[in-house]
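Each chain is listed here by its residues.
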Amino acid sequence: DGGITQSPKYLFRKEGQNVTLSCEQNLNHDAMYWYRQDPGQGLRLIYYSQIVNDFQKGDIAEGYSVSREKKESFPLTVTSAQKNPTAFYLCASSTYKDTQYFGPGTRLTVL
Amino acid sequence: EDQVTQSPEALRLQEGESSSLNCSYTVSGLRGLFWYRQDPGKGPEFLFTLYSAGEEKEKERLKATLTKKESFLHITAPKPEDSATYLCAVQAIYSGNTPLVFGKGTRLSVIA
């Protein structure tokens, strides 16, 4: 069954803690993306990667980091430098210049 | 700067009452305009891609149209299960897999 998986579905972070959100796809897509969604806001781009071992910052990259060591995986780390991390995080993937498909999302809450 | 504005922010319809959602955009060269449906607590679900002015696409009770400045999502005889947030996004013509620029969405409620 092809698709995009994100884990965990819910994540809780304490102040000063780094946390990593997982995103895996088995669609053989080259490009992967991370977006953040806040209530009443559109999706905002954090990072994207068009190819393995390469990635670019989006509009709100500060306080986040990513890696792309495998085509199937694009984990996002929310660092302690991100002052307001509570949000819904969405991962997406696409083939070259094609439609982006989204995973089910991870809801991160700061305690 | 590429921008997308969706209106209205929220729309409440009676079952069977047809209406349209608007997506106005500015982009330096449009590669595609995308419509997604998002249910609460879930990831967006792809509906349509439109590439050029005059293009139309249909799926069940939904029809999307595109002009050079805006897109409409027409909902004909909606049912309660059509209740969701509808997101519009544009992709500019640059090299590679350029990210999407999203509007804030229209929250649709269909009342039985």
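Here's what I pulled together on the structure shown here.

Definitions and cut-offs
- Residues numbered from 1 in each chain as written.
- Chains lettered and ligands numbered in written order.
- Predicted model: local features only at pLDDT ≥ 70, side-chain atom pairs only at ≥ 80, totals over all residues.
- Heavy atoms only, no water.
- Pairing = 2+ DSSP bridges.
- Helix = DSSP H or I, 4+ residues; strand = E, 2+ residues; numbered from the N terminus.
- Axes fitted to C-alpha atoms, helices over the stretch in contact; angles between N-to-C directions.
- Salt bridge = Lys/Arg side-chain N within 4 Å of Asp/Glu carboxyl O.
- Buried < 20%, exposed > 50% of the residue type's maximum accessible area, 1.4 Å probe, protein only.
- Contact = heavy atoms within 4.5 Å.

As a further point, take the sheet that holds strand E3 (residues 19-26) of chain B. Residue and element names in this part refer to chain B. In spatial order, the strands read E1-E3-E8-E7-E6; together these five strands make up an open sheet with antiparallel pairing. One side of each edge strand has no neighbouring strand; the edge strands of this open sheet are strand E1 (3-7) and strand E6 (56-59). Neighbouring strand axes in the sheet, compared pairwise and without regard to direction, differ in orientation by 15° on average. Pairing between strand E7 (residues 62-66) and strand E8 (residues 70-75): five bridges, direction antiparallel. Paired with Thr65 across the bridge in E8 is Phe72.

Residues and elements named next belong to chain A. As summarised here, the arrangement of the four strands in space is E1-E3-E8-E7, forming an open sheet in which the pairing is antiparallel. One side of each edge strand has no neighbouring strand; the edge strands of this open sheet are strand E1 (4-7) and strand E7 (64-66). Here the average twist between neighbouring strands, direction ignored, is 20°. Examined bridge by bridge, E7 and strand E8 (residues 76-78) share three bridges and lie antiparallel to one another. Bridge assignment links Val66 to a residue of E8, and that residue is Leu76.

Moving on: the pattern of salt bridges. For the structure on display, the rule yields seven salt bridges over all chains. Here Lys63 of chain B ties to Glu56 of chain B by a salt bridge, and the two come within 3.7 Å at their closest N and O atoms. Among the residues examined, Lys63 of chain B registers a relative accessible area of 27% and is labelled partly exposed. We classify Glu56 of chain B as partly exposed; its relative accessible area is 49%. The structure contains a network of salt bridges with shared partners spanning Arg36, Asp38 and Arg44 of chain A.

Next up on the list: the environment of Ser28 of chain B. All names here are of chain B. In this structure, Ser28 sits in the loop between E3 and strand E4 (30-38). Residue classification places Ser28 among the partly exposed positions, given a relative accessible area of 46%. Distance in space between the C-alpha atoms of Ser28 and Gln91 is 9.6 Å, their sequence separation being 63 residues. Among residues more than four places away in sequence, those in contact with Ser28 are Asp2 and Tyr94.

The omega angle of the peptide bond from Ser7 of chain A to Pro8 of chain A is -5°, so this bond is cis rather than trans. Here Pro8 of chain A is to be found in the loop between E1 and strand E2 (10-13). Between Ser7 of chain B and the following residue, Pro8 of chain B, the backbone shows a cis peptide bond with an omega angle of -10°. Structurally, Pro8 of chain B can be placed in the loop between E1 and strand E2 (10-14). The residue Asn53 of chain A is not glycine, and still its phi comes out positive at about 65°. Within the secondary structure layout, Asn53 of chain A lies in the loop between strand E5 (43-51) and strand E6 (54-57).

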